[in-house]
Amino acid sequence: MPNIVPLHDPADPRLEPYLRVRERDLVGRGGGFIAEGEVVLRVLLGPASRCRARSLLIAANRLDRLDPLLAGLAADVPVYAASQAVMDGAVGFHIHRGILAHGERPPDPGAAALLDGLPKLARVVALFGVANHDNMGGVFRNAAAFGASAIILDPTSCDPLYRKAIRVSVGAALTVPFARLAPGEDAVARLQAAGFEVLALTPGGRERLEDVAPGPRTALLLGAEGPGLPANLIARARSISIAMAPGWDSLNLAAASAVALHHLGRL
């Protein structure tokens, strides 16, 4: 049986992880994160999740519907049940979904260890300068949908475990392994040392994506919308582009990643 704990005061100290969610999303939460909504909660509590729930905060009128999902929770994971008014007061805005979870981040193994631990047949996405959480979540969703093995992030890319990024990814940010490059770490050299062919997706790519035959270990480099990938990365990789109608040269990042990963999934 789940450990249901009724709470009646938005200032209850047990709600501390959920206080001022939007404000604290901006400054980070150290080893924790906030997940929102039933779809994401099902992923967080499911067998594919790389993350552990520390606690849940559920609107009391939603408990019955979630009872089958919560039945298997460990006793040390409290389920705080509160009225909508108490939830909204603690969080700082109206939580219309009525479902939040405080999760624990998995350790970051570092890019080298993550890559070395992947299977012989693997596809990796590497992101550079991606600061938009919608795009980050979209790339993680596409990576999961098309079977990518892992995602590598440069030091300037945003947090995949930001609440909105998790929600846009429909929970894929909780399941797809990722690691962040150290400042100054050479991404192309690191990928090549691990046996990956490195493809840079860019509108000016020398080859068309449709002409690329995926190898057993392929890494796809993606940059932010607008600036794209740094020129030095493109120069050291096999540059590819997606063929488009006249007058158009690019898609948004999430869409471009979906097209490329669908093609590269033909291993």
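Okay, so let's go over this structure.

## Overview of the sheet that holds strand β3 (residues 52-59)
Pairing between the strands of a sheet is mediated by backbone hydrogen bonds and can be parallel or antiparallel.
Okay, so step 1: Read across the open sheet, the 5 strands follow the order β1-β4-β3-β5-β2; overall the sheet is mixed. Unpaired on one side and paired on the other, β1 (3-6) and β2 (32-36) mark the two borders of the sheet. With strand direction ignored, the average angle separating the axes of adjacent strands in the sheet is 25°.
Okay, so step 2: In terms of strand pairing, β1 meets strand β4 (residues 78-82) through 4 bridges, oriented parallel. Each bridged residue has a counterpart across the sheet, and for valine 5 the counterpart in β4 is tyrosine 80.
Okay, so step 3: Relative to the sheet, helix α3 (residues 63-70) contacts β1, β3, β4 and β5 (99-104), its axis offset from that of β3 by approximately 160°.
Okay, so step 4: Packing of helix α4 (residues 84-91) onto the sheet brings it into contact with β3, β4 and β5, and relative to β3 it is tilted by some 125°.

## Re the packing of helix α6 (residues 133-145) against helix α10 (residues 253-264)
Okay, so step 1: Relative orientation of the contacting elements α6 and α10 amounts to 15°, with a least axis distance of 8 Å. Taken together, the axis directions place α6 and α10 in an arrangement best described as roughly parallel. Note that α6 runs across α10; the crossing there is right-handed. Mapping the contact onto sequence places Asn135, Gly138, Val139, Asn142 and Ala143 in α6 and Leu253, Ala254, Ser257, Ala258 and Leu261 in α10.
Okay, so step 2: Its residues placed into classes, the contact of α6 with α10 shows 6 nonpolar, 4 polar and no charged.

## Comments concerning the sheet that holds strand β10 (residues 207-208)
Okay, so step 1: Read across the sheet, 7 strands follow the order β8-β7-β6-β11-β9-β12-β10 without closing on themselves; strand pairing throughout is parallel. The sheet is open, and its two edges are formed by β8 (178-180) and β10, each paired on a single side.
Okay, so step 2: Note that strand β7 (residues 150-153) and β8 share 3 bridges and pair parallel. Counted as the bridge partner of isoleucine 152 is alanine 179 from β8.

## Digging into the nonpolar core
Okay, so step 1: Formed by 50 residues in total, the largest nonpolar core has its most connected members in Leu41, Leu56, Leu127, Ile151 and Leu220.
Okay, so step 2: Here the element with the most residues in this core is α10; it accounts for 5 residues.
Okay, so step 3: Those residues within four positions of leucine 127 in sequence are excluded, and the remaining contacts are Met136, Val139, Ile151, Ile152, Leu153, Asp154, Ser157 and Leu222.
Okay, so step 4: Counting 25 residues, the second-largest nonpolar core is a separate cluster that includes Leu181, Ala187, Ala194 and Ala219.

## Focus on the pattern of salt bridges
Okay, so step 1: Here the structure, examined in full by the defined rule, presents 16 salt bridges.
Okay, so step 2: Two residues, arginine 52 and glutamate 104, come together in a salt bridge whose shortest N-O distance is 4.0 Å. Taken together, the residues arginine 52 in strand β3 and glutamate 104 in strand β5 connect sequence positions 52 residues apart.
Okay, so step 3: With a relative accessible area of 37%, arginine 52 lands in the partly exposed category.
Okay, so step 4: On the basis of relative accessible area, glutamate 104 is assigned to the partly exposed category, the value being 32%.
Okay, so step 5: Because the salt bridges share partners, they merge into one network encompassing Glu36, Arg97, Arg163 and Arg167.

Scoring rules and cut-offs
- Residues numbered from 1 in each chain as written.
- Predicted model: local features only at pLDDT ≥ 70, side-chain atom pairs only at ≥ 80, totals over all residues.
- Heavy atoms only, no water.
- Pairing = 2+ DSSP bridges.
- Helix = DSSP H or I, 4+ residues; strand = E, 2+ residues; numbered from the N terminus.
- Axes fitted to C-alpha atoms, helices over the stretch in contact; angles between N-to-C directions.
- Contact = heavy atoms within 4.5 Å.
- Parallel < 35°, antiparallel > 145°, perpendicular 65-115°, else oblique.
- Left-handed = near helix turned anticlockwise from the far one by under 90°.
- Nonpolar A, V, L, I, M, F, W, Y, C, P; charged D, E, K, R; others polar.
- Core = buried A, V, L, I, M, F, W, Y, C linked by side-chain atoms within 4.5 Å.
- Buried < 20%, exposed > 50% of the residue type's maximum accessible area, 1.4 Å probe, protein only.
- Salt bridge = Lys/Arg side-chain N within 4 Å of Asp/Glu carboxyl O.

In short, the description is geometric, and any link to function would need to be established separately.
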